[in-house]
Amino acid sequence: MSWRASAAGLVVLVALCGCTDDARPETPAAAPSATAADEKPRATVLQRDFALDYRLDATTADGVPITLDGPRGTRVVPTVEDGTAVEAGDQVARVEVDRAYRAELAAAAGTSRIDAAALSALEDAAGVLRAPVAGVVDHADGHLTLAATGTDVVTPLSGLQDLRLRALDIRAVATVETVVGQRDVACAHVWVVPGQDGDDESTATLRCRLPRTAETAPGLRAGLAVTSQTIADAILVPNAYVGADDSGYVVTVVDGGSNREIPVDVGPSDGVVRVIRTPLPVGAELVLPATTP
């Protein structure tokens, strides 16, 4: 992620489909329907752009060191010395796949399509890690952080929100009070601080580092508009129509009057529909799966 109810947490989740967690898709083709013959609800395979779009209530707070890390299963190897001052865009580390984690996935990939897909995604995560803002590199405690003065916009994340945002690269725009009035300001960096042991409702905190040109103060109400990268022409299936077999996810397509179970790899979800990474016939009818994940 180079992507929570109170004054710092009322959450509304929508996607490009105009959905919420509890709503059904507005597009008629995605909504389950029933046929006169069997009265079983059916849905349709869709294809359209997909993105997450969160609107979050938040507060301003004093800035904390920015955490620089990679996805689970990777490790960050610093390429500059501890205490080095860097500018935005400078390389500060390499993201490498953890060998033990890779070995565990590889061992399971022979029987699990889910682990096989995770292994492929993990290999793609390796690469160069650059400083999002100017600051001083700190890796004395084994965790790479960037000390940089500034103000953050902060809001708690639920576990489900954290998982959904973690699946995609995100960016954010903060609405904050400044010395010249309320402004919409693009975040210089957005990152997640993991929750502490003993946390109940919130497992993590989303932080937005404001640019130094945004003059504001801690303790003010703010807003965050968080959007993900767009997956163009994504294949989408309603969440309820994604099932599972012994080795991974499946969908059940109506084919010539009979039902055919198709193994699939899945991507992110907005709570209503899920991205399917395996090619499926757009417009095909779906029936509810025999088993659910």
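Note that the coordinates shown come from a computational prediction; the quantities given were computed from them, not determined experimentally.

Participant: Got a minute to help me understand the overall build of the chain in this structure?
Facilitator: The helix and strand inventory of the chain stands at three helices and 25 strands. Counting only residues that meet the buried cut, the chain has 39% of its 293 residues in that class. Total accessible area on the chain stands at roughly 15,000 Å², and carbon and sulfur atoms take up 50% of it.

Participant: What is the right way to read the confidence of the model for the chain from this model?
Facilitator: Caution applies to low-pLDDT parts of the model: their predicted coordinates are not meant to be read in detail. Across the chain, the average pLDDT comes to 85, with 84% of residues at or above 70. The spread of mean pLDDT over the elements of the chain runs between strand 1 (residues 11-15), the lowest at 34, and strand 8 (residues 85-86), the highest at 97. Ignoring residues within four places in sequence, the model shows residues 1-31, a span with pLDDT below 50, making 100 contacts including any to other chains.

Participant: Just to check I follow, could you spell out the sheet that holds strand 12 (residues 145-147) for this structure?
Facilitator: Strand pairing in a sheet takes place through backbone hydrogen bonds and is either antiparallel or parallel in direction. Spatial strand order, 6-12-11-8: four strands in an open sheet with antiparallel pairing. Strands at the two margins of the open sheet, each flanked by one partner only, are strand 6 (66-67) and strand 8. Across two bridges, strand 8 lies against strand 11 (residues 135-138) in antiparallel orientation. Bridged to Val86 within strand 11 is Gly135.

Participant: Can you help me understand the sheet that holds strand 23 (residues 266-269) in this one?
Facilitator: Pairing in this open sheet of four strands is antiparallel, and the strands run 4-19-24-23 from one edge to the other. Of all strands in the sheet, those with a lone pairing partner are strand 4 (46-50) and strand 23, marking the two edges. Along the sheet, successive strands turn relative to each other by an average axial angle of 50 degrees, direction set aside. Bridge analysis of strand 23 against strand 24 (residues 273-276) gives two bridges, and the strand direction is antiparallel. Bridged to Ser269 within strand 24 is Arg274.

Participant: It is not clear to me how the pairing of strand 14 (residues 170-178) should be interpreted in this structure. Could you clarify?
Facilitator: Alternating residues of strand 14 divide into Ile170, Ala172, Ala174, Val176 and Thr178, all buried, and Arg171, Val173, Thr175 and Glu177, none buried. Of the strand pairs in this sheet, strand 14 and strand 18 (residues 221-228) are connected by six bridges, and their pairing is antiparallel. Bridge pairing links Arg171 to Thr227 in strand 18. Examined bridge by bridge, strand 14 and strand 15 (residues 181-186) share six bridges and lie antiparallel to one another. Opposite Ala174, over in strand 15, you have Val185 as the bridge partner. Between the end of strand 14 and the start of strand 15, which pair antiparallel, lie two residues.

Participant: What is the right way to read the environment of Leu157 from this model?
Facilitator: Within the fold, Leu157 resides in strand 13 (residues 151-157). Each C-alpha atom, one on Leu157 and one on Thr203, is 6.5 Å from the other, the two residues being 46 residues apart in sequence.

Participant: For this particular structure, what's the right way to read a negative patch on the surface?
Facilitator: A cluster of acidic residues, Glu81, Asp82, Asp138 and Asp141, forms a negative patch on the protein surface. Here Glu81 shows up in the loop between strand 7 (74-78) and strand 8.

Participant: Just to check I follow, could you spell out the pattern of salt bridges for this structure?
Facilitator: Once the charged atoms of two side chains with opposite charge are near each other, the side chains can pair. Across all of its chains, the model carries ten salt bridges by this definition. In this structure, Glu123 and Arg102 form a salt bridge, with 2.8 Å as the shortest nitrogen-oxygen distance. Here Arg102 lies in helix 1 (residues 99-109) and Glu123 lies in helix 2 (residues 113-124), a separation of 21 residues in the sequence. You can call Glu123 partly exposed: its relative accessible area is 35%. For Asp152, the salt bridge goes to Arg209, with nearest N and O atoms at 2.4 Å. With Asp152 in strand 13 and Arg209 in strand 17 (residues 204-209), this pair connects stretches of sequence that are 57 residues apart.

Rules behind the numbers
Residues numbered from 1 in each chain as written. Predicted model: local features only at pLDDT ≥ 70, side-chain atom pairs only at ≥ 80, totals over all residues. Heavy atoms only, no water. Helix = DSSP H or I, 4+ residues; strand = E, 2+ residues; numbered from the N terminus. Buried < 20%, exposed > 50% of the residue type's maximum accessible area, 1.4 Å probe, protein only. Areas by Shrake-Rupley, 256 points an atom, 1.4 Å probe, with all protein chains shown as cover. pLDDT = per-residue confidence, 0-100. Contact = heavy atoms within 4.5 Å. Pairing = 2+ DSSP bridges. Axes fitted to C-alpha atoms, helices over the stretch in contact; angles between N-to-C directions. Patch = residues over 30% accessible without salt bridge, like charges linked within 9 Å, V, L, I, M, F, W, Y side chains within 5 Å. Salt bridge = Lys/Arg side-chain N within 4 Å of Asp/Glu carboxyl O. Lys, Arg positive; Asp, Glu negative; His and termini not counted. Charge placed at Lys NZ, Arg CZ, Asp CG, Glu CD.

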